[in-house]
Amino acid sequence: MSNSLSEAVRRRVRALLSTARFSQFVGVGVAGAAVDNVALLLLVELTALGPVAAKVLSWELSIMVIFAINERWTFAEYGAMTPRALGRRFVRSNAVRFAGFLVTLSVLAILVGWFDVWYLTANLIGIGIGFFVNYTCESLFTWKVHRD
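Chemist: Sorry, what's going on with the pattern of salt bridges here?
Modeler: Close approach of charged atoms lets side chains of opposite charge pair. The full count for this structure, using the stated rule, is five salt bridges. For Glu 7, the salt bridge goes to Arg 14, with nearest N and O atoms at 3.1 Å. In this structure, a network of salt bridges that share partners links the residues Glu 7, Arg 10 and Arg 14.

As structure tokens, this is what we get:
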């Protein structure tokens, strides 16, 4: 590994290990999980949607809430505040969070379909597993925290 590649990896790892930013991300994630679960509950119980289809809608709603809070609090010092830059970060956030969403949705579908776990419990387990994918992708790709 060359020195420049080694330094690039160290810089990214240091950025991910920021205790303050990680704590903020967890707090925002808890708020997002609450939005996700309330929306999921309402969509499943009040519409004809099943848990997997309802999850797609509840996920996007929670992503919008999470993005807004992260933009103003967790990653406030990263990135320009122009409408174009904000729009790019929102699109990038949705794209990188899609990996976490696939993890969450897969866990939900497997736990509900194969193990008959209640859909809200399965969703929380999936969110917990997908959290680390989201933290890494959001930190490094959406807000590029390693470029301090």
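Anyway, onward from the coordinates.
Chemist: For this particular structure, what's the right way to read the packing of aromatic side chains?
Modeler: Aromatic ring pairs: the centre-centre distance and the angle between the two ring planes describe each pair. Counted under the stated rule, the structure contains 13 aromatic pairs. Considering the side-chain rings of Phe 22 and Phe 131, the 5.6 Å spacing of their centres and the 80° angle between planes classify their relative orientation as edge-to-face. In this pair, Phe 22 is assigned in helix H2 (residues 19-46) and Phe 131 in helix H5 (residues 119-142), connecting sequence segments 109 residues apart. Its relative accessible area of 29% is what places Phe 22 among the partly exposed residues. Under the relative-accessibility criterion, Phe 131 is labelled buried at 16%. Put simply, the rings of Phe 22, Phe 25, Phe 75, Phe 131, Phe 132 and Tyr 135 touch in pairs and so form one group of aromatic residues.

Chemist: Looking at this structure, how should I read the side chain of Asn 70?
Modeler: With respect to the helices and strands, Asn 70 occurs in helix H3 (residues 51-74). Sequence-distant contacts of Asn 70, defined by excluding residues within four places in its chain, comprise Phe 25, Val 28, Phe 75, Ala 76, Arg 97 and Trp 143.

Conventions we followed
- Residues numbered from 1 in each chain as written.
- Predicted model: local features only at pLDDT ≥ 70, side-chain atom pairs only at ≥ 80, totals over all residues.
- Heavy atoms only, no water.
- Salt bridge = Lys/Arg side-chain N within 4 Å of Asp/Glu carboxyl O.
- Phe/Tyr/Trp six-rings, centres within 6.5 Å; stacked < 30°, edge-to-face > 60°.
- Helix = DSSP H or I, 4+ residues; strand = E, 2+ residues; numbered from the N terminus.
- Buried < 20%, exposed > 50% of the residue type's maximum accessible area, 1.4 Å probe, protein only.
- Contact = heavy atoms within 4.5 Å.

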